Amino acid sequence: MRLNSFESMGIEPLGEGQEKRTFINPEDEKRVISEKKEDAEKDTPCQLKGRYYLTKIAHSLLPDNIPDIYQAGESVKGKQTVDVERISHTSEHSLLQKKRLLGEDEESVKEQIIDDMGKKMGELDLELERIGLSFNIDENVGNYTKDEEGNVHYLETFKPWQVNPTNPKELEILFDEEELREAIGSISNQVIKERSTKYLDRLLVLLEEDKQELQAKQEYLKANLIESGPHIEELEVMFVPFMKEEFLLNLNVIQTEEEARNSEERSSANEALVHIFKKLQFLLEETNITDEKYNELQEKRQTLSMATGTINRGIVDHSR
C-alpha cells in the first residue's frame, strides 16, 4: 500500500457519491482517482489492500465490465484513495454526476439510465453473483455506465469485509471464497489464473490479520468493560410503559397511515425506540452484558418495533 501524494484541493471532481469524490488523474487522463470523504468511514490497512486484490480478481474475471485497479493507498494526512481505469460515460451518466454535484433532483436522469441499460445492469449483477460477489453490489444506478462498445461497467471497487453491523464482535465477509475460487479456476489464460489465485490467497491472509486485530480489540475492550447491571436497569425502566399489554394492543390495531400519524402512543413509542436502540448498542459494545440478557432485551425491542410497525404505501406493516 502506497503513501500517495495526490491532492484534490482546487480540482473539480468528475463525480461524487455519499462516501467519495472521483477525479481525473492529473498524471494520466486514462485513469481516475477516487478519494474518500473526510466524514466517511475509512478502511483498515488490510481492508484497503484487500479492496485492491478483490477488485483485481473481479477485473480478471470480467474485464469488459469491471474497471482495472492500479493502486490503493493512504496519504500521510490520512486520505485514502484508489486509482482505477477511467471508463467513458454515457451522456445520461455524465448528466447524473453533474446534477449530483449541483445538488439538483436526479430522479428523471436515473430513470433514463435504467431505460437505457436496465437489462444489462441486471445481467451484470447476475455475473457478479455467479463469481461470488453478490454481497458487494451497490445497485445505485450511478455505479453503472456503458462504454462506446455497449459494455455495461460497474464502477465501484469491491470492499472485502466489514465489521458485522448486527454483531460488532465479528467481521462480515463480502465475498464467497468457494465461488470466487471456482470462477478463477475457469480462466483460460494460465498467467492470469495463477496471478488471480495469488491475489485470493493474499486476500485471505489479510482477512485473518483483520480478524486477529478485531479479536485483540475485543479482548482489550472486554478487559475494560463497564458493569452492565445499572445500564440494564435503566433500559428495563425505559421499556416498562411500552410493554404493557393494552399499550401494545393499541399499537397493533393501527392499520392506516392516517391512524399512525394521529397516534400519540405510536409517536412516543417511535421516539423511545431510538433511545432503546442506542442503549442496546452501548450495552453490547461497552459493557459486560451476557449474550443471553442482550438477546432478551433485543426481543423486547423487536416486539415493540413490530407493534409500532412501518408505513408502506399508506398501510402500517406490523410484520417486521
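See the structure above.
What counts as what
- Residues numbered from 1 in each chain as written.
- Predicted model: local features only at pLDDT ≥ 70, side-chain atom pairs only at ≥ 80, totals over all residues.
- Heavy atoms only, no water.
- Axes fitted to C-alpha atoms, helices over the stretch in contact; angles between N-to-C directions.
- Helix = DSSP H or I, 4+ residues; strand = E, 2+ residues; numbered from the N terminus.
- Parallel < 35°, antiparallel > 145°, perpendicular 65-115°, else oblique.
- Contact = heavy atoms within 4.5 Å.
- Nonpolar A, V, L, I, M, F, W, Y, C, P; charged D, E, K, R; others polar.
- Buried < 20%, exposed > 50% of the residue type's maximum accessible area, 1.4 Å probe, protein only.
- Pairing = 2+ DSSP bridges.
- Patch = residues over 30% accessible without salt bridge, like charges linked within 9 Å, V, L, I, M, F, W, Y side chains within 5 Å.
- Areas by Shrake-Rupley, 256 points an atom, 1.4 Å probe, with all protein chains shown as cover.
- Salt bridge = Lys/Arg side-chain N within 4 Å of Asp/Glu carboxyl O.
- Lys, Arg positive; Asp, Glu negative; His and termini not counted.
- Charge placed at Lys NZ, Arg CZ, Asp CG, Glu CD.

Student: Could you give me a rundown of the packing of helix H7 (residues 245-252) against helix H10 (residues 291-308), with the residues and numbers involved?
Tutor: Relative to each other, H7 and H10 sit at 40 degrees, their axes nearing to 7 Å. Considering their axes alone, H7 and H10 lie oblique with respect to each other. Residue-level contacts link Leu-248, Leu-251 and Asn-252 of H7 to Thr-303, Leu-304, Met-306, Ala-307 and Thr-308 of H10. Per-class residue counts for the contact of H7 with H10 are five nonpolar, three polar and no charged.

Student: Help me get a handle on the environment of Gly-142, residues and values and all.
Tutor: Relative to the elements of secondary structure, Gly-142 occurs in the loop between helix H3 (107-130) and strand S6 (144-146). With a relative accessible area of 7%, Gly-142 lands in the buried category. Remark: the alpha-carbon pair of Gly-142 and Tyr-154, spanning twelve residues in sequence, is separated by 9.2 Å.

Student: Explain the pairing of strand S4 (residues 69-74) to me, and be specific about the residues and the numbers.
Tutor: Two strands pair when backbone bridges link them, and S4 and strand S5 (residues 80-85) are joined in this way by five bridges, in the antiparallel orientation. The residue bridging Glu-74 from the neighbouring strand is Gln-80, located in S5. Remark: five residues form the turn of the hairpin made by S4 and S5, two consecutive strands paired antiparallel; Gly-78 in that turn has positive phi of roughly 90 degrees.

Student: Quick one: what's the story with a negative patch on the surface, residue by residue and with numbers?
Tutor: Side chains of Glu-19, Asp-39, Glu-41, Asp-138 and Glu-139 sit close together on the surface and give a patch of like negative charge. Among the secondary structure elements, Glu-139 is positioned in the loop between H3 and S6. Residue Glu-139 is classed as exposed on the basis of its relative accessible area, which comes to 57%.

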